Amino acid sequence: MSVELTGGLLRTWQQRNRDATIPHVIAELRKAGNLENLRRLADPSVGPYRGRYPFLDTDLYKTLEGLAYEVARDDAPAGAREFFDEVVVLLEQAQAGDGYLNSYFQDPDQPKQPWSDLGWGHELYNLGHLIQAAVAANRQLDDDRLLTVARRFADLVVHRYGERGEEAIDGHPEVEMALVELYRETGDQDYLTQARLFVDRRGQGKLKHTIFPGEYFQDHVPFRELPSVIGHAVRMAYLAAGATDVYLETGDTTLLTALERLWDDMVATKLYLTGGLGSRHSDEAIGDRYELPSERAYAETCAAIATMQWAWRMFAATGKASYLDVYETVLYNAYAVGLSADGTAFFYDNPLQRRPDHAQRSGAEDGGELLRRAWFGCPCCPPNIVRWMSELQDHVAVARDDILYVGVYADARITAGDLAISVSTNYPWDGEITLTVENAPAEERTIALRIPAWATEATLVRPGAEDEAPASADDGWVAVRRTFVPGDVVRLTLPMAPRAHGSHPYLDATRGAIAVTRGPLVYCVEQQDVDAPVDDLLLKPGAVSTAIARQRDDHLVLELTAGVAPVPPAELYPVITEASSESAVQEVPATFVPYFLWGNRQALAMRVWLRTEREG
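Because the structure is predicted, anything quoted here is derived from the model rather than measured.

Cut-off values and rules
- Residues numbered from 1 in each chain as written.
- Predicted model: local features only at pLDDT ≥ 70, side-chain atom pairs only at ≥ 80, totals over all residues.
- Heavy atoms only, no water.
- Helix = DSSP H or I, 4+ residues; strand = E, 2+ residues; numbered from the N terminus.
- Buried < 20%, exposed > 50% of the residue type's maximum accessible area, 1.4 Å probe, protein only.
- Contact = heavy atoms within 4.5 Å.
- Areas by Shrake-Rupley, 256 points an atom, 1.4 Å probe, with all protein chains shown as cover.
- Pairing = 2+ DSSP bridges.
- Axes fitted to C-alpha atoms, helices over the stretch in contact; angles between N-to-C directions.
- Salt bridge = Lys/Arg side-chain N within 4 Å of Asp/Glu carboxyl O.
- Expected span 1.5 Å × (residues − 1).
- Phe/Tyr/Trp six-rings, centres within 6.5 Å; stacked < 30°, edge-to-face > 60°.
- Disulfide = S-S within 2.5 Å.
- Parallel < 35°, antiparallel > 145°, perpendicular 65-115°, else oblique.
- Left-handed = near helix turned anticlockwise from the far one by under 90°.
- Nonpolar A, V, L, I, M, F, W, Y, C, P; charged D, E, K, R; others polar.

Caption draft 1: The arrangement of the overall build of the protein chain in detail. Secondary structure summary: the protein chain contains 14 helices and 23 strands in total. Considered along the principal axes of its C-alpha atoms, the protein chain spans approximately 75 × 70 × 50 Å. Taken over 616 residues, the protein chain has a buried fraction of 59%. Considering only contacts in the protein chain between residues 6 or more positions apart, those separated by 24 or more positions represent 70%. For the protein chain, the accessible area works out to roughly 23,700 Å², and carbon and sulfur atoms hold 47% of it.

Okay, here's the thing in structure tokens:
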């Protein structure tokens, strides 16, 4: 099947990716020396290895993966094809005779040898991103040059770490899902077997731990025995996504049982309202259950992408719409916030609050911009944004048997065999979604539409009907089955009333606070949009329910009335003589903006969660 984004927010994002983000990332990669790191393997006079990390090749691979999609389109970014070809040639030239490829470990001036530090070397992580770029190039461009390079490296890994090789794993999961995708592309069973081995070996004492304990690497117990998502957030979500891929190809139900348990626990206790994953800066890690501080949320942009990858695979494994609910939350909030409105600056970490005197830079780097940055010393997030933005259309709909599942709403043209539909909507700003059948077979087909959990009063107009009817959802889907004819129209309406959210009582950081959402979007208030200190604002649930959505530029803001708390006591820990809720001494108008758009103006205070004012 095929999906083409034809308009709306997601299409706008892709256009920004092509026009601004990709040229910016290519320029930064050149400036950072990623290409020279490959060139110097043949010509040491180029200069020393540039950068401090052994995984910088992956920034090229992620960019190539996105470019494979963009070059295949009619409106490819200027210079994209040339950059793609230049890097592919450098990789072909740099690859060792046995298939090994890593500009850091192949560098003759590096003290470490290949395969000498699997805990921190990221060599298989590098391979994973190389494979994903290679598969994308083969599918989108019918260009197998990268695939040849990737298979040579993968074959080396199978020989070295396969069933008859050393029982080892990489400290950073990622290669698992890539190997499954390589199996799907080539049919070579060895790649699927290797992915399964890497999942099964984790937690078996096969990895030497340094700096951090086994929990950081999800390596303290076997994967199926993990009590909860734990450790480095990106590693955890990539591992889970890879394990889901292994389940999808092997049918190993013990994996699915573990994956469902881990997912449910994560959503119930460890995921931010924005879909962000990871609450600790110290080791980029997932914290304890209900450990979700707003101002210190790490919620790395790469973790958002990894969570979406896991969510999409869990949907593929189960068909449950609830996984796409989380996917969508992450997409419009924890992921989208990682990129500036102009497409050329990035957040590495994504807090839900900024205090007025906060001075730490994104990515914990010194100097430079207080908010988003043009690049990072560890620039894993920008190229990751590039590739995911290029692939948004791949995560809109799925065809299975005679059912077309439309799970993410956007202006799009969807073709599934002999059934073709167009989708017209202003989602996520508006909940009106119109599907028009352009081509249809002579037999019955089903179009299944996702009803998000927040859309409690959705309505549907079926072909030939004039009146709306409640869209009764079965496990999150409403199905329209009939023998469609061209011109048939299905109209779905998802109510978009603003909602006030509280938090679980164990979540200490936001106890007694309210957050505002509308549709799939989380909203926040920036100091620029209210004439009182953001930290003094009080909010009533009733004020949220009566908020007014208004157009500002190309997005909707929410206008409401907030209270202003009395002047706080001077003491940090005053004595409380009588328990009472705070009541406002005055009210002020406040404008809430979509969370993904915060931080595009002056670096001032921001909050997603506001203290509660007692109603009445």
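Text resumes after the structure shown.
Caption draft 2: Representation of the sheet that holds strand β6 (residues 403-406) within the structure. Strands sit in the order β5-β6-β10-β13 across an open sheet of four strands; the sheet is mixed. A strand with exactly one partner marks an edge of an open sheet, and here the two such strands are β5 (397-400) and β13 (477-482). Averaged over all pairs of adjacent strands, the angle between strand axes in this sheet comes to 20°, irrespective of strand direction. Pairing of β6 with strand β10 (residues 445-450) involves four bridges; the strand directions are parallel.

Caption draft 3: Up close: the environment of Ala243. For Ala243, the position within the fold is in helix α9 (residues 233-250). Distance from Ala243 to Trp310, taken between C-alpha atoms, is 9.2 Å for residues 67 residues apart in sequence. Here Ala243 is in contact with Val199, Phe223, Leu255 and Leu259, once residues within four sequence places are set aside.

Caption draft 4: How the structure looks around the pattern of salt bridges. Evaluation of the coordinates by the stated rule reveals 49 salt bridges. Of the charged contacts, one joins Glu181 and Arg139 as a salt bridge, the two residues approaching to 2.7 Å between their closest N and O atoms. Note that Glu181 is positioned in helix α7 (residues 175-186) and Arg139 in helix α5 (residues 123-141), a separation of 42 residues in sequence. Judged by its relative accessible area of 17%, Glu181 is buried.

Caption draft 5: A look at helix α3 (residues 57-72). With 16 residues, α3 extends 23 Å between its outermost C-alpha atoms, agreeing within 8% with the 22 Å of an ideal straight helix rising 1.5 Å per residue. Burial of α3 is extensive: 15 of the 16 residues sit out of reach of the surface.

Caption draft 6: Inspection of the packing of aromatic side chains at higher detail. Summed over the entire model, instances satisfying the criterion amount to 29 aromatic pairs. With centroids separated by 5.3 Å and ring planes inclined at 75°, the aromatic side chains of Trp115 and Tyr161 adopt a geometry described as edge-to-face. Within this pair, whereas Trp115 is found in the loop between α4 (80-94) and α5, its partner Tyr161 is found in helix α6 (residues 145-161), the two being separated by 46 residues in sequence. Ring plane angle 75° and centroid distance 5.5 Å describe the contact between Tyr348 and Phe376, whose orientation is recorded as edge-to-face. Remark: Phe376 occurs in the loop between β4 (353-354) and α13 (381-390) and Tyr348 occurs in the loop between α12 (321-335) and β4; sequence separation between them is 28 residues. Both residues of the pair, Tyr348 and Phe376, belong to the buried class. The structure contains a cluster of three or more aromatic residues connected by ring pairs, namely Trp13, Tyr332, Tyr409, Tyr427, Trp429 and Phe596.

Caption draft 7: Just the pairing of β10, in detail. For β10, the tally of buried residues reaches six of six residues, placing the bulk of the element in the interior. With six bridges connecting them, β10 and β13 associate as antiparallel partners. Across the sheet, the residue bridging to Thr446 is Arg481, located in β13.

Caption draft 8: Structural context of the sheet that holds strand β11 (residues 459-461). Reading across the sheet, the seven strands line up as β1-β7-β8-β9-β14-β11-β12 and stay open at both edges, with antiparallel pairing between neighbours. Sheet topology places β1 (2-5) and β12 (469-470) at the edges, where each strand pairs with a single neighbour. Summarising the sheet, β11 and strand β14 (residues 489-493) pair through three bridges and their orientation is antiparallel. Residue pairing for β14: Val461 is matched across the bridge by Arg491.

Caption draft 9: Representation of the state of the cysteines within the structure. Applying the stated rule across the entire model yields zero disulfides. As a non-bridged cysteine, Cys378 has Cys380 as the owner of its nearest cysteine sulfur, 4.1 Å distant. Look at Cys378 and you get buried, because its relative accessible area is 15%. Note on Cys524: no disulfide assigned, nearest cysteine sulfur contributed by Cys381 at a separation of 19 Å. Note on Cys524: relative accessible area 0%, which makes it buried.

Caption draft 10: Here's a closer look at the pairing of β5. When β5 meets β6, the two strands line up antiparallel, connected through four bridges. In the strand pairing of β6, Ala399 is matched with Leu404. Between the antiparallel neighbours β5 and β6 lie two residues, among them Asp401 with a positive phi of about 55°.

Caption draft 11: Just the packing of α6 against α7, in detail. α7 packs onto α6 with a crossing angle of 120° between their chain directions and a minimal axis gap of 12 Å. With respect to α7, the element α6 is oriented oblique. Both α6 and α7 take part in a crossing whose hand is left-handed. Note on element contacts: α7 touches α6 through Leu179, Leu182 and Thr186, opposite Leu147, Arg151 and Ala154. Here the residues of the contact of α6 with α7 are counted per class, giving four nonpolar, one polar and one charged.

Coordinates in, geometry out; function isn't part of it.
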